[in-house]
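Structural characterization, general
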Amino acid sequence: MAEAMCALCSQSGLDSDLKRCARCLTTYYCSRECQRQHWKAHKAECITNAQRIYEVRSIPGKGQGMIAKCKIPRGTRIISEKPIFIVPRGVNDMDALENAILKDVARLSAEQRKAFFALHNIHGEKHDPALGIARTNALPLGAGALESGVFLQASRINHACSSNAQNTWNTNTKQLTIHACKDINAGEEICISYLDSSENYASRQRDLKAGFGFDCTCKLCVLPPPQRQQSDARLDEITKLDDIVGDGMSIIARPMTCLHHVHTIIQLLKEEHFTDARVARAYYDALQIAIANGDQARAKVFADRACAERVVLEGEDSPEAKRLKGFGENPSTHMLYGTKMGWKQDVKKVPRNMSATDFESWLWRKKL
Ligand SMILES: C[S@@+](CC[C@H](N)C(=O)[O-])C[C@H]1O[C@@H](n2cnc3c(N)ncnc32)[C@H](O)[C@@H]1O
């Protein structure tokens, strides 16, 4: 049970005590009379809401959140949305940022402005509400991007450390997409991860509290101590191996070790049930190791796997999926090709008719 509000007179109550529009299931009323009076205003948004596969509802302890209205299979596009405005990231001058945001807010339509000011604000009286809302809700426009965007729908998505949805900025369509990265059941909350890396429990709690003002109680964060210790050990190992593979030297100096590290990372991600962009990134690391050492056959397989992951997480229109498809078709177009040729191998040398186990041993250069 959660708090909800009559769309006409704003009387609040438990969602189970209020009436709900039978078509869109997302709009609440305290009485049939309020529902009847609100229909003219609600009609247009009702059609849009009814087509949505999610609804926004109050979630105890989290404010609002997004709930699946039906079963959502992995790979489904849940949202594709343009930002109402863009905010620079990493700005220290809060007065300049506030002025820029106030100008953006002034340019919004009356309806957008109303929806913007209804978004969550964790910064209270510290700033102008517009700055507080933008800081609470802006989502990065890509990994390590210098800009973030404010989105009216996606801003309602809460965080889970082991998420069931992935947010991605599509640089071609200039839209944020949210895809299911796990099968999501009807009634289940749709969550993305607000964190970038594979942090352990203490580090996640610290960063979420500092950045977003909450104590995380997701499935991963409420594991009993022995399981939490095992999970933390896996996450620390992923971070350590990622640092080695990504140091810019090792993939050339110690390619075999790096390839085995990436294989371990993928196994650890699987054990943690992480199905987000980290898996695609790991396959891309493996592609770079293979191609930087002249092995087009393995590079092709890794590019195809990374591409398949990106299609699930971002859709067929994903620029990254298209780029990876190109490397799968012709691995030698990768800029690292020819850095070293110690593993030189033609793209046609991908083995056929091997058992799945033997193929994996070949792929990761483990003993057959
Ligand atoms: C972008 S908003 C998400 C939607 C928000 N819950 C709302 O009511 O509109 C981010 C804020 O939601 C809350 N939040 C997100 N994930 C949460 C979680 N797992 N547990 C508790 N609060 C969470 C925090 O207050 C956070 O600063």
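Rules behind the numbers
Residues numbered from 1 in each chain as written. Predicted model: local features only at pLDDT ≥ 70, side-chain atom pairs only at ≥ 80, totals over all residues. Heavy atoms only, no water. UniProt positions renumbered as here; feature names shortened; annotations may be inferred. Helix = DSSP H or I, 4+ residues; strand = E, 2+ residues; numbered from the N terminus. Near = heavy atom within 4 Å. Polar contact = N/O pair within 3.5 Å; in protein donor to acceptor, adjacent residues only side chain to side chain. Areas by Shrake-Rupley, 256 points an atom, 1.4 Å probe, with all protein chains shown as cover. Nonpolar A, V, L, I, M, F, W, Y, C, P; charged D, E, K, R; others polar. Contact = heavy atoms within 4.5 Å. Salt bridge = Lys/Arg side-chain N within 4 Å of Asp/Glu carboxyl O. Buried < 20%, exposed > 50% of the residue type's maximum accessible area, 1.4 Å probe, protein only. Core = buried A, V, L, I, M, F, W, Y, C linked by side-chain atoms within 4.5 Å. Domains from an automatic or database assignment. Pairing = 2+ DSSP bridges. Expected span 1.5 Å × (residues − 1).

Moving on, we come to the UniProt feature "domain: MYND-type" (unreviewed entry) in the protein. When the UniProt feature table is mapped to this numbering, "domain: MYND-type" (unreviewed entry) covers residues 6-46. Taken end to end, residues 6-46 is 37% helix and 17% strand, and its first and last C-alpha atoms sit 15 Å apart.

If you check the shell around the ligand, you find 16 residues, and the closest are Lys62, Gln64, Arg156, Asn158 and Phe212. At 3.3 Å, a side-chain N or O of histidine 120 approaches an oxygen atom of the ligand. Phenylalanine 212 places a main-chain nitrogen or oxygen 2.7 Å from an oxygen atom of the ligand. Taking 560 Å² as the accessible area of the ligand by itself, protein coverage stands at 94%. At the level of elements, β6 (63-68), α4 (129-137) and β11 (158-159) are the ones that each hand at least two residues to the shell around the ligand. Per-class residue counts for the shell around the ligand are 5 nonpolar, 9 polar and 2 charged.

A separate point is the environment of glutamate 309. Its place among the elements puts glutamate 309 in helix α10 (residues 296-314). Along the backbone, glutamate 309 and cysteine 70 are 239 residues apart, and their C-alpha atoms lie at a distance of 23 Å. If near-sequence neighbours (up to four positions away) are discounted, glutamate 309 is found in contact with Arg74, Val279, Ala280 and Tyr283.

Bringing the UniProt feature "domain: SET" (unreviewed entry) in the protein into the picture now. Per the UniProt record, the feature "domain: SET" (unreviewed entry) sits at residues 51-195. Taken end to end, residues 51-195 is 21% helix and 31% strand, and its two terminal C-alpha atoms sit 30 Å from one another.

According to the stated counting rule, one finds 20 salt bridges in the structure shown. Note that arginine 323 is salt-bridged to glutamate 320, the shortest N-O span being 3.0 Å. Of this pair, arginine 323 and glutamate 320 both sit in helix α11 (residues 319-329), 3 residues apart, which is roughly one turn of the helix. On the accessibility criterion, glutamate 320 (22% relative accessible area) is partly exposed. Taken together, the shared-partner salt bridges connect Arg20, Glu55 and Arg57 into one network.

It is worth spelling out the nonpolar core at this point. The biggest cluster of nonpolar side chains holds 48 residues, and the ones touching the most others in it are Val262, Leu287, Ile289, Phe302 and Trp364. Breaking this core down by element, the ones donating at least two residues are α6 (225-245), α8 (255-271), α9 (277-292), α10, α11 and α12 (356-363). For this core, the domains that each give at least three residues are domain 2 (77-210) and domain 3 (224-363). Leu139, Phe151, Leu176 and Ile178 belong to the second largest nonpolar core, which has 19 residues in total.

A separate point is the pairing of strand β13 (residues 175-180). Within β13, 6 of the 6 residues are buried, leaving the element largely enclosed by the surrounding structure. Pairing geometry for strand β7 (residues 77-81) and β13, over 4 bridges, is antiparallel. When the bridges of β13 are listed, glutamate 81 appears paired with leucine 176. From the end of strand β12 (residues 165-170) to the start of β13, which pair antiparallel, there are 4 residues, and lysine 174 there has a positive phi angle of about 55°.

Turning our eyes to something else, we now look at α10. If you check α10, its first and last C-alpha atoms are 26 Å apart, about what 19 residues at 1.5 Å a residue would give, namely 27 Å. The N-capping residue of α10, defined by a side-chain oxygen 3.1 Å from the backbone nitrogen of alanine 297, is aspartate 295. Following α10 by one or two positions, glycine 315 has its phi on the positive side, about 95°.

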